[in-house]
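Survey of secondary and tertiary structure
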Number of protein chains: 4
Amino acid sequence: MVDYAQPKTPSALTHSRHALTEQYKQVRAFSELICKPLVTEDYVVQSMPDVSPTKWHLAHVSWFWETFVLSAAQPGYTSLHPQYTYLFNSYYNSVGARHCRPKRGLISRPTVTETYQYRRYVDEHMQALFEHLEESRLGALTPIITLGLHHEQQHQELMLTDIKHVLSCNPLNPAYHEAPVSSSLSVAPLRWITYQEDVYWIGYKGEGFAFDNEGPRHKTYVQPFQLGSRLVTNGEYLEFIEDGGYRTPTLWLSDGWRTVQEQQWQAPLYWEKRDGQWCMMTLSGLRAVNKDEPVCHVSYYEADAYAHWKHARLATEAEWEVAASGLDVRGNFVESGVYHPVPMQIALQKEGPMQMYGDVWEWTQSAYAPYPGFRPASGAVGEYNGKFMCNQFVLRGGSCVTSLSHIRPTYRNFFPPDARWQFTGIRLARGGEAHA
Amino acid sequence: MVDYAQPKTPSALTHSRHALTEQYKQVRAFSELICKPLVTEDYVVQSMPDVSPTKWHLAHVSWFWETFVLSAAQPGYTSLHPQYTYLFNSYYNSVGARHCRPKRGLISRPTVTETYQYRRYVDEHMQALFEHLEESRLGALTPIITLGLHHEQQHQELMLTDIKHVLSCNPLNPAYHEAPVSSSLSVAPLRWITYQEDVYWIGYKGEGFAFDNEGPRHKTYVQPFQLGSRLVTNGEYLEFIEDGGYRTPTLWLSDGWRTVQEQQWQAPLYWEKRDGQWCMMTLSGLRAVNKDEPVCHVSYYEADAYAHWKHARLATEAEWEVAASGLDVRGNFVESGVYHPVPMQIALQKEGPMQMYGDVWEWTQSAYAPYPGFRPASGAVGEYNGKFMCNQFVLRGGSCVTSLSHIRPTYRNFFPPDARWQFTGIRLARGGEAHA
Amino acid sequence: MVDYAQPKTPSALTHSRHALTEQYKQVRAFSELICKPLVTEDYVVQSMPDVSPTKWHLAHVSWFWETFVLSAAQPGYTSLHPQYTYLFNSYYNSVGARHCRPKRGLISRPTVTETYQYRRYVDEHMQALFEHLEESRLGALTPIITLGLHHEQQHQELMLTDIKHVLSCNPLNPAYHEAPVSSSLSVAPLRWITYQEDVYWIGYKGEGFAFDNEGPRHKTYVQPFQLGSRLVTNGEYLEFIEDGGYRTPTLWLSDGWRTVQEQQWQAPLYWEKRDGQWCMMTLSGLRAVNKDEPVCHVSYYEADAYAHWKHARLATEAEWEVAASGLDVRGNFVESGVYHPVPMQIALQKEGPMQMYGDVWEWTQSAYAPYPGFRPASGAVGEYNGKFMCNQFVLRGGSCVTSLSHIRPTYRNFFPPDARWQFTGIRLARGGEAHA
Amino acid sequence: MVDYAQPKTPSALTHSRHALTEQYKQVRAFSELICKPLVTEDYVVQSMPDVSPTKWHLAHVSWFWETFVLSAAQPGYTSLHPQYTYLFNSYYNSVGARHCRPKRGLISRPTVTETYQYRRYVDEHMQALFEHLEESRLGALTPIITLGLHHEQQHQELMLTDIKHVLSCNPLNPAYHEAPVSSSLSVAPLRWITYQEDVYWIGYKGEGFAFDNEGPRHKTYVQPFQLGSRLVTNGEYLEFIEDGGYRTPTLWLSDGWRTVQEQQWQAPLYWEKRDGQWCMMTLSGLRAVNKDEPVCHVSYYEADAYAHWKHARLATEAEWEVAASGLDVRGNFVESGVYHPVPMQIALQKEGPMQMYGDVWEWTQSAYAPYPGFRPASGAVGEYNGKFMCNQFVLRGGSCVTSLSHIRPTYRNFFPPDARWQFTGIRLARGGEAHA
Ligand SMILES: [Fe+3]
Ligand SMILES: [Fe+3]
Ligand SMILES: [Fe+3]
Ligand SMILES: [Fe+3]
């Protein structure tokens, strides 16, 4: 069993030159460490429009450093290649034209080797910047550098979710790495934890780093509610499947039911039945479904339908944040090296809610929207979050492929309700009746 | 200028047999009155999947009475035709299979005449029910009858929005009716009205009718905010167009910008430039754009981008409801017979917010979501609202094709953010900063 | 049993003023006679892009008279409505912009009544032209007038095929007319008729009217071949279905097999299985499949796969024309009033090939291509045929909804290989081995 | 200037064990030689559904040897990997299920190295077969081995056309190889060469290898015709572009015009205007358009529209074969190492038609159809040609990426009329009037 570490940096806005440099090196190194198990061919493939080739991720994060830090710090800075700005811009309209997202998999060059050279080029310039930039200008750049670190961490998570999707499209079922199969000790029973109604403060307020979408901190009225003590398991979700969940329209949102029919969903993504037994593709290859693990790779639609079937609901993001406040930020994050959710063993049971952090992102019933008084950052980085506040739902808590140092109680992830290739799962809630 | 009447029924849950009967007759008659200007061919066309043929609307509302009232009241009740249940079910999975929505325009039979016969058949059975059903059973059915009245009113609005779209697809620009052009008196200037932060009660609570999605009534924390005193006008929106609003990606939500490009939007729906002048298709035919009228037929994306351009935002639905509470429910509704939004004349100016009711539905920034403790009604009518709580935004206040007797301060309409064929417009808001 | 008449006009190029007038009246009257069974609503619907609303057909043929005859004869001629040129142009780029084909069903106006008024308007002008135009100019216009007659006859056939498709989309299964069910006498057995190899003359040469695509008459080398003595029946085709024809990829052309899978074809168009029995939608409503009737509403792909399964093939159009030369042009045409193919009764058997004319258009294996030396007519009518010589196959012999006076041995109809809504069927051929 | 060699093997059906072995080695080696300029990443990409990754081609041709030769010769033969049969079957329904064609670019494994190992594995087994198989069995297998050689040569051409497309999708414009730019000597003028009408023998007859679609040899009546003495050049095609060819609907087939509009074609594939000058992507990178080179990468639609604009037409395949008979099979084939069409220099002019072989495949106006008496080979290889005889046009003469030893006067290549990524060009024809 893993003894999950406490987060370190870069969640605090460190003004120390040395600390910044170290964080930069660590984050950059981890991006490359993730790629160690890959062969060159794996870096190239884009298995669906939402997925980017690993090679693209590696280059895009470097482009981010170039565009928002190096170009800002050094007026005469030039990229390694004049076309890279076009090729590796993701979605920043302010920065100029860009290559069409669904075509990222058509680009064989720059090669993997050239991509790493591009990283070296950027690293060298960043290193020079860390060493030589005068203190006041480094201080002024620290917020955007810190954003760059978190940006690269976000893409580290995407690299793992995307390569999982790429490998899953291959009938040879290649494994990304070897990992131990979860032991099958007893799972902690699901209990309901009760919270009182009140006006709560929600959103980030502090000295450290947070994304713009986590603020402003503001008051919210929360009705009384109950939260499930742990994540829903594969075994519990199987009962839903076997009860005809995927064939019962009244359990589903209207858009969800249409998606079920159009996509012919019959189980979570990566599940398939072989010889009458449910298997799932994992980063360690194809394995039998382990009933004790948290269910993963479900869409919002499936999470909502499952909750409906259980006569429960998903939590709001305010409820989740109320419950999370005060808990240690520990869990099965990318640092554990498992890259897969693990069962909540009865032996590790505690009183409060468990598995709030790590394992799987928890769908909330909250549409992704600006907090009261929200204003995007000015300049191009203002496109980071605000323009996506539509048709998406908030997820909380991080997953087994998130960095521990990347997460916070106020962290708001968001995906459209039909997205399934992220490590997304279910925690139940109930209650919320007002007493007028 | 119209002296807008106060609403009458059926907003109150009347248990009086006589009153119920009269309301039924009035509502049913108004559905047919709306169709008076139409020729037979107009009833048949479905100009896009969202639009239904007039003939279908007329039959579908009758199907509703059959399915939820007559069948419930009279065990042996049979429809006029065994296939009508299949043809005229809109989206009730609980009731059985149904005809595919985008194919409603392929069905030439039943004819318009047969459709009216179907209405007569249902009216006769309803009449008999009103006359002969014993008091207690009538009382038990009153909620669903009242729902039926509101349901038919909703479809009356859709009949007008849909026939407008049908006629707009015809290069001959046929007019639905003759209506006077708005006089061009001065428009009241836009002022900002300030509201205090507090915990407010939101949602319906009362004796009368309300949809399930308007409750439960519950407490919400609202930050301080300001609301525009009137709707945004065509003239104001034209400034946005002329400033390149439709060509500036940074003003738009990401999904909105994609839609602008894919659909090649350059102005609100029904606008077109002829010989250098902006015209718009109305229910009275093609006319020059009147700068004083409220802008109409804009999507959520356009409303949001416009607000962004004005350094403002849209209101939340809670803010709107706070501002609306205490105001008279008066305005330019379908009863005025104009079927088009009218300018807010300076002469009619008052202190509080104006045009809150009628003219155009006002997009709010609130995603359509269940209120805390929401539970859909049991049975098939539980599919009425809850299953649409995803990927839609709430609109408030009714429009010039809504019935006055249909609307309430707590009324929640909802449409996807790209919908434009409803009478939808813009009211600005600003503020919302928390003071922690 | 029907005693099929010999064709009369307008296959001969009559220069007689009186005869031309009479032909015009007959053809125009028949277009309207076909519509007698329709209700107003039926005229409006476009059930798929290939289908046009009846109302559109009625107006388009009038547009043809206006555009190619009246405008040519009378310089100052004006259409009844300035927009009709835009609305009722089918595909003539030379004539100007036109309404988008798949949107013909969105146009409720002009109404049916106005459409008939448009026809009256054109008829009156044509009548005046017939009465008053000087002899030499009438003579000069006779070719285009004759083309106009044949054009309207082509649309008469399309009106029947299209309304059949429209009614078939209606779950109420409305019938266009009442027709007697075919009696079930014995069907003539299928024999093979042998033809010698030789250089044959193919294509039209004569005094009468023919389309440009039927010429120039030219020599073709035809190998020895055999032709089936009659059309393939429903019963024979059912054996193919029951032998798994629709599930056996090796029987199909590659494009055909993809179509079978994408469209999920399991039988000819209009067939459906009800309670284990094959039924088909006809212009007389839904009926059990009669095994003795010629199979109908099959695509080229199905015709080819069936032939493959029978170790035979389809004829080339040259082979068909060789076999047809010298036969009387008689058969089950639209004049018989059945509007459905009829069985080839054993009692009516003859020595040569039977059912060559009428009943169903016979798919040939010949791609639709220009004959050697082909040149399209100059001017806009040059767009009549030549530009479609790609991705289509030739069909021969006319069908039960073709006019007898419209057909010739050299007549070349053409449709894409996946088209099924025309009355199209199968005649087998075999042989063709060269002896070098 | 290149002195084009005469073809050697494998066009003759050699029964010599040694010769077969040598041919096998040569063909296999050339597949790998073609890949020498590629980096690993290039092998992986599928830039559109019609294109296959180089890696896939290399594996698929090996699969062909396994499936049709090794498995037939050695009952216990097993593939290197049990899934390769599924992954590398192209379109043989008889052989079993297969991986979906448009998803070939999603498969990062087997890697390039593993793909070459697969080739080695097959080569070793083939070598053993060549060495040890008894004479009579080798003789029996010679036809399928010869087919395998030609099959691999076809894929060699596709590897070059496909990698050109892959590289063209990259904004970095990478070059496949360095090649000398064509010298700009004068181009031979276009003359018309006249052929007499007659009954000609068409199709393959001989001892050597030919595909099944080239027979049976049969008599065809050919009208008198004239053929252009050389291919149409870029310069001539530019006149068509500059005369508004891509904006004039009356020049185009109906399907062609729709394609021009939907795809927004304005020039041949790979052409783009940069700073007012036409450039083209070649296998040597982006270059200015050379007016003297044969125009290339045009669809059938463009070839037909160009001919129409020149008041000419394309040849039929019979005409082409009549003209080609008796000419030496020489030209700019893959052996010249240029991989690009070259100008027809005036100095090399001769009396008969020039450039009939090599440079570009010449579109004919003949739809791809079975010759009289055609029967596909039995077994799975019967799927090689026959099932594609629909919606395609025949091309003749080979291209600059075809192997000289692969081509014959009777060789029939075929592609759909909108295909442009092959090396396809235009030769004009005219005449064909019959004299009856
Ligand atoms: Fe990014
Ligand atoms: Fe409804
Ligand atoms: Fe026509
Ligand atoms: Fe192949």
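If you're wondering where the values come from, they're calculated on a predicted model, not measured in any experiment. As a convention, each chain's residues are numbered from 1 in the sequence order in which they are written. Naming scheme: in the order in which they are written, chains are lettered from A and ligands are numbered from 1. Local features in a predicted model are, by the rule used here, given only for residues with pLDDT of at least 70; side-chain atom pairs are given and counted only at 80 or more, and totals for whole chains, interfaces and linings are based on all residues. As a rule here, side-chain values cover all heavy atoms of the structure and leave hydrogens and water aside.

**Describing the side chain of D:His406**
All names here are of chain D. What counts is decided by this rule: Here a strand is any run of E in DSSP of at least two residues, a helix any run of H or I of at least four, and the numbering for each starts at the N terminus. Pairs of N or O atoms within 3.5 Å make up the polar contacts considered here, provided that, within protein, one atom can donate a hydrogen while the other can accept it, and that residues adjacent in sequence are counted only when both atoms are side-chain atoms. Contacts are assigned to residue pairs that have any heavy atoms within 4.5 Å of one another.
By the secondary structure assignment, His 406 is in the loop between strand 10 (393-396) and strand 11 (413-415). Among the polar contacts listed, one links the side chain of His 406 to the side chain of Gln 153, at a separation of 3.1 Å. In this structure, His 406 is in contact with His 150, Gln 153, Gln 154, Phe 211 and Tyr 411, ignoring residues within four places of it in sequence.

**Observations regarding the UniProt feature "domain: Sulfatase-modifying factor enzyme-like" (unreviewed entry) in chain A**
This is how the line gets drawn: UniProt positions are given in the numbering used here, feature names are shortened, and annotations may be inferred rather than shown by experiment.
Here, the residues flagged by UniProt with the feature "domain: Sulfatase-modifying factor enzyme-like" (unreviewed entry) are residues 207-326 and 351-430 of chain A. As annotated, residues 351-430 of chain A has a helix share of 0% and a strand share of 24%, and its two end C-alpha atoms lie 18 Å apart.

**Thoughts on the coordination of the iron ion (ligand 1)**
Residue and element names in this part refer to chain A. Where we set the bar: Distances decide who is a donor: an N, O or S atom must be within 2.8 Å of the metal, or within 3.2 Å for Na, K and Ca. Water is not included, so sites may look incomplete. Accessibility here uses a 1.4 Å probe with only protein chains present; expressed as a share of the type maximum, an area under 20% marks a residue as buried, one over 50% as exposed, and anything in between as partly exposed.
Looking at the iron ion (ligand 1), one finds its protein donor set to be His 60 (NE2), His 151 (NE2) and His 155 (NE2), positioned 2.2 Å from the metal centre. Taken in sequence order, the residues that donate to the iron ion (ligand 1) follow the motif H-x90-H-x3-H. Linking His 60 in helix 2 (residues 54-73) with His 151 in helix 5 (residues 135-168), this pair joins segments that are 91 residues apart in sequence. Per residue, the accessibility class of His 60 equals that of His 151, and both read buried.

**Considering the relation of the copies chain D and chain A**
Note the following rule: What sets the superposition is a least-squares fit of C-alpha atoms, and only residues with pLDDT of at least 70 in both copies go into it.
Superposing chain D onto chain A takes a rotation of 180° plus a shift of 0.0 Å along the axis, which leaves an RMSD of 0.0 Å. Taken together, the rotation and translation relating the two chain copies correspond to the operation of a two-fold axis. Closest approach to the rotation axis within chain D is made by the C-alpha atom of D:Glu41, at a distance of 3.0 Å. A share of 100% of interface residues in chain D that are also interface residues in chain A marks the association as one of identical surfaces.

**Points about the sheet that holds strand 1 (residues 192-195) of chain D**
Two strands in a sheet stick together by hydrogen bonds in their backbones, pointing the same way (parallel) or opposite ways (antiparallel). All names here are of chain D. What counts is decided by this rule: Any two strands with at least two DSSP bridges between them are considered paired. Between N-to-C directions, angles cover 0 to 180 degrees, with each direction set by a line fitted to C-alpha atoms, over the stretch in contact for helices.
Spatially, 4 strands are ordered 1-4-13-8 in an open sheet, and the strand pairing comes out antiparallel. Only two strands of the sheet have a single partner each, and these edge strands are strand 1 and strand 8 (313-314). Here strand 1 pairs with strand 4 (residues 225-228) via 4 bridges, running antiparallel. The residue bridging Ile 193 from the neighbouring strand is Leu 227, located in strand 4. Relative to strand 4, helix 9 (residues 317-324) is tilted by about 75°, and along the sheet it contacts strand 1, strand 4, strand 8 and strand 13 (428-431).

**Observations regarding the interface of chain C and chain B**
Definition in use: Defined in terms of a 1.4 Å probe, buried area is the accessible area two parts forfeit on being brought together, summed over both. Salt bridges are counted wherever a side-chain nitrogen of Lys or Arg sits within 4 Å of a carboxyl oxygen of Asp or Glu. Each residue is assigned to one class: nonpolar for Ala, Val, Leu, Ile, Met, Phe, Trp, Tyr, Cys and Pro, charged for Asp, Glu, Lys and Arg, and polar for all the others, Gly among them.
In this complex, chain C contributes 30 residues to the contact, which on the side of chain B involves 31 residues. Each partner contributes to the roughly 2,400 Å² buried at the junction of chain C and chain B, and carbon and sulfur atoms together form 64% of this total. One salt bridge connects C:Arg109 with B:Asp42, and the closest N-O pair in it is separated by 2.6 Å. Where chain C touches chain B, the interface holds 10 residue pairs in polar contact (both at pLDDT 80 or more). Sorting the residues of the side of chain C that touches chain B by element identifies helix 3 (84-88), helix 4 (112-132) and helix 5 (135-168) of chain C as the ones contributing at least two each. When the residues that make up the side of chain C that touches chain B are grouped by side-chain class, the tally is 16 nonpolar, 11 polar and 3 charged.

**Re helix 5 of chain A**
Residue and element names in this part refer to chain A. Formally: A helix's residues, less one, multiplied by 1.5 Å, set its expected span. Each residue is assigned a bend, namely the angle between axes fitted to the seven residues that terminate at it and the seven residues that start at it.
Helix length check: helix 5 (34 residues) gives 48 Å between terminal C-alpha atoms against 50 Å at 1.5 Å per residue, within 8%. The axis of helix 5 is deflected most strongly, by about 45°, at Thr 142, and proline Pro 143 appears within four residues downstream. Taking burial as the measure, the 34 residues of helix 5 include 25 buried ones, the bulk of the element.

**Re helix 8 (residues 300-309) of chain D**
Residue and element names in this part refer to chain D. Most of helix 8 is tucked away: 9 of the 10 residues are buried. Within the sequence span of helix 8, burial applies to Tyr 300, Tyr 301, Glu 302, Ala 303, Asp 304, Ala 305, Tyr 306, Ala 307 and Trp 309. Looking at the buried positions of helix 8, the neighbouring elements they touch are helix 6 (234-242), helix 7 (254-263), strand 8, strand 9 (361-367), strand 10 and strand 13. The positive-phi residue at the C-terminal boundary of helix 8 is His 311, with phi of around 55°.

**Looking at the UniProt feature "domain: DinB-like" (unreviewed entry) in chain A**
Under the feature "domain: DinB-like" (unreviewed entry), the UniProt entry names residues 24-158 of chain A. What you have in residues 24-158 of chain A is 61% helix and 0% strand, and the ends, taken at the C-alpha atoms, are 19 Å apart.

**Quick look at the pattern of salt bridges**
If you walk through the whole model with that rule in mind, you get 84 salt bridges over all chains. Among the ionic pairs, A:Arg119 bridges to A:Glu32, the shortest N-O distance being 2.6 Å. Remark: A:Glu32 occurs in helix 1 (residues 17-35) and A:Arg119 occurs in helix 4 (residues 112-132); sequence separation between them is 87 residues. As a salt-bridge pair, D:Arg119 and D:Glu152 come within 2.8 Å of each other at their nearest N and O atoms. On the criterion of sequence distance, the pair formed by D:Arg119 in helix 4 (residues 112-132) and D:Glu152 in helix 5 (residues 135-168) is long-range, its members being 33 residues apart. Taken as a pair, D:Arg119 and D:Glu152 share a single burial class, namely buried. Each of the salt bridges in this network shares a partner with another, and the network as a whole consists of A:Arg28, A:Glu32, A:Arg119, A:Arg120, A:Asp123 and A:Glu152.

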